[in-house]
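# Architecture at a glance
Listed here are the chains, written in short residue letters.
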Amino acid sequence: MRSLDLDVLLAAGSPGGSSCLTSTTTLEPAGGRHTSVAPAKFAPERGKGSVYAYEQRFLGDESRYAAIIDSKQSQLNRAEQALAQAIEDGHSLLSRVPHVQVTYERDGAVERYYDLTLPHRVFDGHIRAGTIDGVPTTQTPEYRAVRDASPANARALLETSPVTLVLGGWDSSRRSRQGRWRSALVGEIVGFVAASRDETGLLSAPRPALRGGARVDPVGMQINLDKKTMTETANRQQAELSPATHSKILKAANAIKAGTAESASALGLGGIPPTLDQLAGVACDTIIRTHVLSFATLRQMRFGAGVDGDAACRALLAALALNALARSDAELCLRANCDLVEAEQPKVRLDQRGGSFADVEPLSIDAADLLLGEALAHAEKVADITWSGLAMRVDGNPDIVSGALETGDDQ
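Below is a summary of the structure that appears in this document. On a predicted model such as this, the values are computed, not experimentally measured, just so you know.

The rules we used
- Residues numbered from 1 in each chain as written.
- Predicted model: local features only at pLDDT ≥ 70, side-chain atom pairs only at ≥ 80, totals over all residues.
- Heavy atoms only, no water.
- Helix = DSSP H or I, 4+ residues; strand = E, 2+ residues; numbered from the N terminus.
- Buried < 20%, exposed > 50% of the residue type's maximum accessible area, 1.4 Å probe, protein only.
- Contact = heavy atoms within 4.5 Å.
- Areas by Shrake-Rupley, 256 points an atom, 1.4 Å probe, with all protein chains shown as cover.
- 1 Å grid on protein atoms, 1.4 Å probe; cavity = no way out; pocket = protein on both sides within 12 Å on 5 of 7 lines; lining within 4 Å.
- Points joined across faces, edges and corners; volume = space filled by probe spheres on them.
- Nonpolar A, V, L, I, M, F, W, Y, C, P; charged D, E, K, R; others polar.
- Core = buried A, V, L, I, M, F, W, Y, C linked by side-chain atoms within 4.5 Å.
- Pairing = 2+ DSSP bridges.
- Disulfide = S-S within 2.5 Å.
- Salt bridge = Lys/Arg side-chain N within 4 Å of Asp/Glu carboxyl O.
- Axes fitted to C-alpha atoms, helices over the stretch in contact; angles between N-to-C directions.
- Parallel < 35°, antiparallel > 145°, perpendicular 65-115°, else oblique.
- Left-handed = near helix turned anticlockwise from the far one by under 90°.

Tallying secondary structure elements over the protein gives 12 helices and 21 strands in all. Counting only C-alpha atoms and orienting by the principal axes, one finds that the protein spans roughly 85 × 65 × 40 Å. Taking all 411 residues of the protein together, the buried fraction comes to 42%. Look at the contacts in the protein between residues 6 or more apart in sequence, and 75% of them connect residues 24 or more apart. Total accessible area on the protein stands at roughly 21600 Å², and carbon and sulfur atoms take up 49% of it.

The following block contains the structure:
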């Protein structure tokens with residue numbers, strides 16, 4: 001089985017190279033196949049509450065329903081987070097990856113955010129609304145170069161925010177010349193549920209079960225307060241409550257009539273009876289994690305470095321994507337009640353065009369670091385690439401952070 005080395009990435013980054021590298025891993029519940037897992041929850045199209053996302057997929061030759069356990073967006077967020085944590089830990093190589101920092105000061109504490117984890121990456125609203133040395137970010141030559149980058153020459157992005165080229169970004173608010181970069185790396189985790197068919201033989205859509213969320217309050221399963229006590233209790237905690245929660249409690253208190261008392265559950269007092277009102281887990285007989293790195297996408301980019309230099313830049317981006325993948329795959333931390341383990345070694349294969357594929361060894365974190373180091377050294381040599389860590393320091397707009405709430409006003 002071939003190793004993933006720099007020669008492989010250089011060949012894939014050159015015209016006529018591989019289309020994609022694919023990594024698939026069979027996972028299973030850490031508690032065993034008899035246990036269920038908690039898929040990702042989504043807001044319903046109408047009404048309140050949460051729903052699971054099901055899609056019809058093929059498992060082998062059979063059409064089945066699969067629950068989305070971790071979406072593409074979530075998998076990319078985990079890859080970004082893995083890179084960000086390594087940089088924060090002072091990793092000697094990854095600390096050289098160019099990135100943009102936004103700094104806010106809130107309640108006397110300094111907060112730092114990066115294009116690595118901001119939702120729109122280098123085009124994020126927090127970056128665009130800030131200033132660099134007192135000049136609005138969008139009016140500085142260095143940020144204009146980033147926004148003006150195009151597939152014909154993406155060098156400014158490569159040397160300022162390469163994560164945007166690897167994981168995607170859309171400069172949707174710009175009047176013209178919007179930057180639209182699709183993610184070269186994509187991934188997801190899906191779980192196939194038991195196939196159920198109606199009397200005509202058609203596949204039936206799954207209906208998730210419900211479970212109870214009982215909680216016992218040792219002081220009393222129901223605690224009633226009068227209007228005055230509930231109002232005063234809420235006001236004493238106002239500094240720690242979200243505006244929406246505080247307003248909700250005061251509204252409930254104002255509805256209490258004189259001489260009566262009502263449940264103080266909004267204050268977190270009292271128990272919760274065992275009613276079936278929450279989404280239960282989903283039983284899956286097969287869980288699969290899939291990632292695809294598209295070399296075809298990377299090959300659409302040029303960096304003003306000539307044929308060999310551009311191929312070196314693409315190899316560098318591919319090595320960065322594989323490094324993020326190796327690190328995020330090593331941390332199977334999704335959410336509560338969704339602990340998974342790898343049931344096998346990841347199966348990695350490289351498209352060879354024309355229906356041929358080559359199996360390659362999956363990358364460990366150490367091997368991914370070695371590959372990224374070699375790719376960076378080669379890109380420095382043949383493409384004059386400079387990666388020296390923090391590439392842009394932005395002062396966040398204080399008016400924005402002062403308006404930030406933990407919950408929306410409509411909640």
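After that view, the rundown keeps rolling.
Attention now goes to empty space enclosed by the protein. Applying the stated criterion to the full structure yields one cavity of 30 Å³ or more. For the largest cavity, the calculated volume is near 60 Å³. Taken together, Q75, R78, I189, R289, H291, S328, D329, E331, L332 and L334 make up the lining of the largest cavity. Considered class by class, the residues forming the lining of the largest cavity number three nonpolar, three polar and four charged.

Judged by nonpolar contacts, the single largest core of 70 residues is most densely connected at L165, L293 and F295. Examining the composition of this core, we find that 11 residues originate from one element, helix α10 (residues 306–329), more than from any other. F295 has contacts with L9, A12, S18, S19, C20, L21, A318 and L350, leaving out every residue within four places of it along the chain. Residues V37, A38, Y65 and I189 belong to the second largest nonpolar core, which totals 16 residues.

Glancing now at the pairing of strand β6 (residues 99–106). Sheet analysis places β6 next to strand β21 (residues 390–395), joined by five bridges and oriented parallel. The residue of β21 that forms the bridge with Q101 is R393. As consecutive antiparallel partners, β6 and strand β7 (residues 109–114) are separated by two residues, and within that stretch D107 has a phi angle of approximately 55°, a positive value.

Inspection of the secondary structure puts V307 in helix α10. Taking the C-alpha atoms as reference points, V307 and S14, 293 residues apart in sequence, are found 7.9 Å from one another.

Our next topic: the state of the cysteines. All told, the structure shown has zero disulfides when counted by the stated rule. C333 takes part in no disulfide bond, and the closest cysteine sulfur to it belongs to C338, at a distance of 9.9 Å.

Once that is clear, we can look at the pattern of salt bridges. Opposite charge on two side chains makes pairing possible when the charged atoms of those side chains draw close. Taken as a whole, this structure holds 18 salt bridges when the rule is applied. One salt bridge in this structure joins D70 and R78, with 2.7 Å as the shortest N-O distance. The exposure class assigned to D70 is buried, which follows from its relative accessible area of 0%. Among the ionic pairs, D148 bridges to R177, the shortest N-O distance being 3.8 Å. Taken as a pair, D148 in helix α4 (residues 141–148) and R177 in the loop between β10 (169–170) and β11 (180–181) lie far apart in primary sequence, 29 residues in all. Each of E55, R57 and E188 takes part in a single network of salt bridges with overlapping partners.

This brings us to the pairing of strand β4 (residues 54–59). As paired elements, β4 and strand β5 (residues 62–70) share six bridges and run antiparallel to each other. Counted as the bridge partner of E55 is A66 from β5. Connecting the antiparallel pair β4 and β5 is a turn made up of two residues, with G60 showing a positive phi of about 70°.

Helix α11 (residues 365–383) packs onto α10 with a crossing angle of 160° between their chain directions and a minimal axis gap of 8 Å. By the angle between their axes, α10 is roughly antiparallel relative to α11. Viewed along their axes, α10 and α11 form a crossing whose handedness is left-handed. Across the interface between the two elements, D308, G309, A312, C313, A315, L316, A319, L320, L322, N323, A326 and R327 of α10 pack against I365, A368, D369, L371, L372, A375, L376, H378, A379, V382 and A383 of α11.

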